[in-house]
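Each chain, letter by letter, is given below.
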Amino acid sequence: NAGVTQTPKFQVLKTGQSMTLQCAQDMNHNSMYWYRQDPGMGLRLIYYSASEGTTDKGEVPNGYNVSRLNKREFSLRLESAAPSQTSVYFCASSEALWGSYEQYFGPGTRLTVT
Amino acid sequence: SQQGEEDPQALSIQEGENATMNCSYKTSINNLQWYRQNSGRGLVHLILIRSNEREKHSGRLRVTLDTSKKSSSLLITASRAADTASYFCAITGAGSYQLTFGKGTKLSVIP
């Protein structure tokens, strides 16, 4: 089992460029999440997907869109990157949405927007 | 805010010593989880403790929860250099689904 995988590992964008961060899990989990981690800020939830076919906004959704392509895959898109989106992005999954389930994290994508 | 706050922000100890980290929160919770993050890596789940539980153990880890004081502690006994990492508490508020992470405690274990 690979667990949760993310691509790419590193990315540098110029302001205004777009990109999609990919995430896949092989644990047959129903729920998936996208977080961003900034120094001194902890993890903040961007979007989540309770189950295949559903997505909802988290704490900091502005500037992002998501797609739950199937049960395995959950992508995060930046349509027009801004320097404020420089961060480390983590995808996570869990058996179900409620917080009684542990979350499994991917290795992260380090994004720099210049 | 449903965010937990870890204390201290940073902790440096010698190998073999015990490390204690605390997490305080302000709302009623369903459960509280602890995660570890090694430098440059994703988070790894350590322990989940439910609101009706007071203590849980996993290997060298001991977690306590005091809902009357709205606080939890994570004790790592006989620390090793490999325990060097950041440790986060994450809470699920009563009636909520969302797992909200604190800012973490950075633990350094000196060989």
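Given the structure is predicted, the values throughout are model-derived calculations rather than measurements.

> Please clarify how the side chain of A:Ser75 should be interpreted in this entry.
Within the fold, A:Ser75 resides in strand E8 (residues 74-78). Contacts of A:Ser75, omitting those with residues within four sequence positions, involve A:Thr20, A:Leu21, A:Gln22, A:Trp34, A:Asn65, A:Val66, A:Ser67 and A:Leu69.

> Would you take a moment to explain the environment of A:Val12 for this structure?
All names here are of chain A. The residue Val12 is located in strand E2 (residues 10-13) in this model. Residues Val12 and Gly58, spaced 46 residues apart in sequence, show a C-alpha to C-alpha distance of 25 Å. What Val12 contacts, discounting residues up to four positions off in sequence, is Thr112 and Thr114.

> Even after reading the chapter, I still don't get the sheet that holds strand E1 (residues 4-7) of chain A, so can you show me in this structure?
Through backbone hydrogen bonds, the strands of a sheet pair up, either in parallel or in antiparallel fashion. Residues and elements named next belong to chain A. Read from one edge to the other, the open sheet built from 4 strands follows the order E1-E3-E8-E7, with strand pairing classed as antiparallel. Each of the sheet's edge strands pairs with one partner strand only, and the pair in question is E1 and strand E7 (64-68). The average angle at which neighbouring strand axes cross in this sheet is 20°, direction not considered. Judged from the 5 bridges that link them, E7 and E8 form a sheet pairing that is antiparallel. Pairing of Ser67 across the sheet is with Ser75, part of E8.

> Sorry if this is basic, but what is going on with the pairing of strand E4 (residues 29-37) of chain B here?
For a regular strand, side chains alternate in direction, first toward one face of the sheet and then toward the other. Residue and element names in this part refer to chain B. The buried fraction of E4 is high, at 7 of 9 residues. In terms of strand pairing, E4 meets strand E9 (residues 85-93) through 8 bridges, oriented antiparallel. Bridged to Leu32 within E9 is Ile91. With 7 bridges connecting them, E4 and strand E5 (residues 43-50) associate as antiparallel partners. When the bridges of E5 are listed, Arg36 appears paired with Val44.

> How should I be thinking about the nonpolar core in this particular structure?
One broad rule of soluble globular proteins: the nonpolar side chains tend to lie buried together. Core analysis: the biggest nonpolar cluster contains 22 residues, and B:Met21, B:Leu32, B:Trp34, B:Leu74, B:Ile76, B:Tyr87 and B:Leu107 have the highest contact counts within it. Where this core is concerned, the elements lending two or more residues are strand E3 (19-24), E4, E5, strand E7 (61-66), strand E8 (71-76), E9 and strand E11 (105-110) of chain B. It is E9(B) that contributes the most residues to this core, 4 residues altogether. Residues in contact with B:Tyr87, not counting those within four places in the same chain, are B:Glu6, B:Met21, B:Tyr35, B:Arg36, B:Leu46, B:Leu74, B:Ile76, B:Gly104, B:Thr105 and B:Leu107. Listed in part, the 19 residues of the second largest apolar core include A:Leu13, A:Met19, A:Met32 and A:Tyr89.

> Explanation requested: the environment of A:Arg77 in the structure shown.
All names here are of chain A. Within the element layout of this structure, Arg77 appears in strand E8. Spatially, the C-alpha atoms of Arg77 and Asn30 are 21 Å apart, while their sequence positions differ by 47 residues. Every residue in contact with Arg77, bar those within four places of it in the chain, is listed here: Ser18, Met19, Thr20, Gly63, Tyr64 and Asn65. In terms of polar contacts, Arg77 uses its side chain to reach the side chain of Thr20, at 2.8 Å.

> I tried to follow the pattern of salt bridges on my own but got confused; where do I start?
For the structure shown, the criterion picks out 5 salt bridges over all chains. The partner of A:Arg44 in a salt bridge is A:Asp38, with the nearest N and O atoms 2.8 Å apart. Among the residues examined, A:Asp38 registers a relative accessible area of 11% and is labelled buried. The shortest N-O distance in the salt bridge between B:Arg62 and B:Glu55 comes to 3.2 Å. Overlapping salt bridges bring together A:Arg36, A:Asp38 and A:Arg44 as one network.

> Which parts of the structure should I look at to understand the sheet that holds strand E6 (residues 55-58) of chain B?
Residues and elements named next belong to chain B. The antiparallel open sheet is built from 5 strands, whose spatial order is E1-E3-E8-E7-E6. Strands with a single pairing partner mark the edges of an open sheet, and in this sheet they are strand E1 (5-7) and E6. Each strand of the sheet is rotated relative to its neighbour by a mean of 20°, with strand direction disregarded. Alignment of E7 against E8, held across 6 bridges, turns out to be antiparallel. Following the sheet pairing, Val63 is matched in E8 by Leu74.

Cut-offs used in this document
Residues numbered from 1 in each chain as written. Chains lettered and ligands numbered in written order. Predicted model: local features only at pLDDT ≥ 70, side-chain atom pairs only at ≥ 80, totals over all residues. Heavy atoms only, no water. Helix = DSSP H or I, 4+ residues; strand = E, 2+ residues; numbered from the N terminus. Contact = heavy atoms within 4.5 Å. Pairing = 2+ DSSP bridges. Axes fitted to C-alpha atoms, helices over the stretch in contact; angles between N-to-C directions. Buried < 20%, exposed > 50% of the residue type's maximum accessible area, 1.4 Å probe, protein only. Core = buried A, V, L, I, M, F, W, Y, C linked by side-chain atoms within 4.5 Å. Polar contact = N/O pair within 3.5 Å; in protein donor to acceptor, adjacent residues only side chain to side chain. Salt bridge = Lys/Arg side-chain N within 4 Å of Asp/Glu carboxyl O.

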